[in-house]
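# Reading the structure
As a plain string of letters, each chain reads:
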Amino acid sequence: MGKNVIRKLKLELEAGKANPAKVGKDLAPTGINLLAFCQKYNELTAGQQGLIIPAEITVFEDRSFTIRTKTPPTAFLLKRAAGIEKGAARPGHEIVATLSRKDLEKIAEIKLPDLNTNRLESAVKMIEGTARNMGIRIAD
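Residues numbered from 1 in each chain as written. Predicted model: local features only at pLDDT ≥ 70, side-chain atom pairs only at ≥ 80, totals over all residues. Heavy atoms only, no water.

Glancing now at the overall build of the protein chain. Secondary structure assignment for the protein chain yields 5 helices and 5 strands. Secondary structure of the protein chain in N-to-C order comes out as β-α-α-β-β-α-β-α-α-β. By its C-alpha atoms, the protein chain is 55 × 35 × 25 Å across when sized along the principal axes. When the 140 residues of the protein chain are sorted by exposure, 36% land in the buried category. Partitioning the contacts of the protein chain with sequence separation of at least 6, the portion at a separation of at least 24 is 60%. Across the protein chain, the mean location of the 23 positive side-chain charges is 2 Å away from that of the 16 negative side-chain charges. (Helix = DSSP H or I, 4+ residues; strand = E, 2+ residues; numbered from the N terminus. Buried < 20%, exposed > 50% of the residue type's maximum accessible area, 1.4 Å probe, protein only. Contact = heavy atoms within 4.5 Å. Lys, Arg positive; Asp, Glu negative; His and termini not counted. Charge placed at Lys NZ, Arg CZ, Asp CG, Glu CD.)

This paragraph deals with the sheet that holds strand 1 (residues 5–14). The 3 strands lie next to each other as 1-2-3, forming an open sheet whose pairing is antiparallel. In the strand order of this sheet, the two ends are held by strand 1 and strand 3 (65–69), each with one partner. Adjacent strand axes in the sheet meet at a mean angle of 20 degrees when their direction is disregarded. In this structure, strand 2 (residues 52–60) lies alongside strand 3, joined through 5 bridges in antiparallel fashion. Counted as the bridge partner of Glu56 is Arg68 from strand 3. (Pairing = 2+ DSSP bridges. Axes fitted to C-alpha atoms, helices over the stretch in contact; angles between N-to-C directions.)

Once that is clear, we can look at the pattern of salt bridges. Taken as a whole and assessed by the stated rule, the structure comprises 8 salt bridges. For Glu56, the salt bridge is made with Lys70, and the minimal N-O distance between the two is 3.6 Å. Of this pair, Glu56 sits in strand 2 while Lys70 sits in the loop between strand 3 and helix 3 (74–82); the two residues are 14 residues apart in sequence, bridging distant segments of the chain. Take Glu56: its relative accessible area is 21%, and that puts it in the partly exposed class. For Lys70, a relative accessible area of 23% gives the class partly exposed. The structure contains a network of salt bridges with shared partners spanning Glu56, Arg68 and Lys70. (Salt bridge = Lys/Arg side-chain N within 4 Å of Asp/Glu carboxyl O.)

Moving on to the environment of Gly135. Tracing the backbone through its elements, the reader meets Gly135 in the loop between helix 5 (120–133) and strand 5 (136–139). We classify Gly135 as buried; its relative accessible area is 3%. Taking C-alpha positions, Gly135 is 4.6 Å from Pro91, a pair spaced 44 residues apart along the chain. With residues near it in sequence (within four places) discarded, Gly135 still touches Ala88, Pro91, Glu94, Ile95, Val96 and Ala97.

Attention shifts here to the packing of helix 3 against helix 4 (residues 101–111). At their nearest, the axes of helix 3 and helix 4 sit 11 Å apart, and the two run at 150 degrees to each other. One finds that helix 3 runs roughly antiparallel with respect to helix 4. In terms of crossing hand, the pair formed by helix 3 and helix 4 is right-handed. Judged by residue contacts, Thr74, Leu77, Leu78 and Ala81 of helix 3 engage Leu104, Ile107, Ile110 and Lys111 from helix 4. Here the residues of the contact of helix 3 with helix 4 sort into 6 nonpolar, 1 polar and 1 charged. (Parallel < 35°, antiparallel > 145°, perpendicular 65-115°, else oblique. Left-handed = near helix turned anticlockwise from the far one by under 90°. Nonpolar A, V, L, I, M, F, W, Y, C, P; charged D, E, K, R; others polar.)

Here it is in C-alpha cells:
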C-alpha cells in the first residue's frame, strides 16, 4: 500500500536556483526539509539554466516528497523567442513582436510532452493561440 498524500503543490522556479528563502513560504507549512527539496530540484534542473521550470511537488504523510518537473511555460518561451519583456497590454489592438512558424514549431516541440496532444500540428495551433493572446503576430 502506498503512502498517504497530504498535499500537492505547483511552483515555478528558475532552473538550478532554488533556495530555502525562495520556496520557504510555500513549502514550510508542509514540514518537508527545504534544503533537501532545493538540492533535489537544482539537480533535476541543472542543465536548463536560465529557464523557468515548473515543478509539481507531492508531499506525503511522513514528510517525504516527490518532484515532477514540467516544460517551461508557453508564455515564457514565446517572450524569450520574441525577445520581449512582456506581452501586449491590449492584445488584438497592438502587436509587440512577430514570430515565424518555424519559431512556433520549435516551441511546440519543447512543449509537446506536457500538452494534451501527440500531433505537432495541433501543438503549434495551441502555441499560436497563446502568441496571439500576448500580442505576437505570426508571419507565414
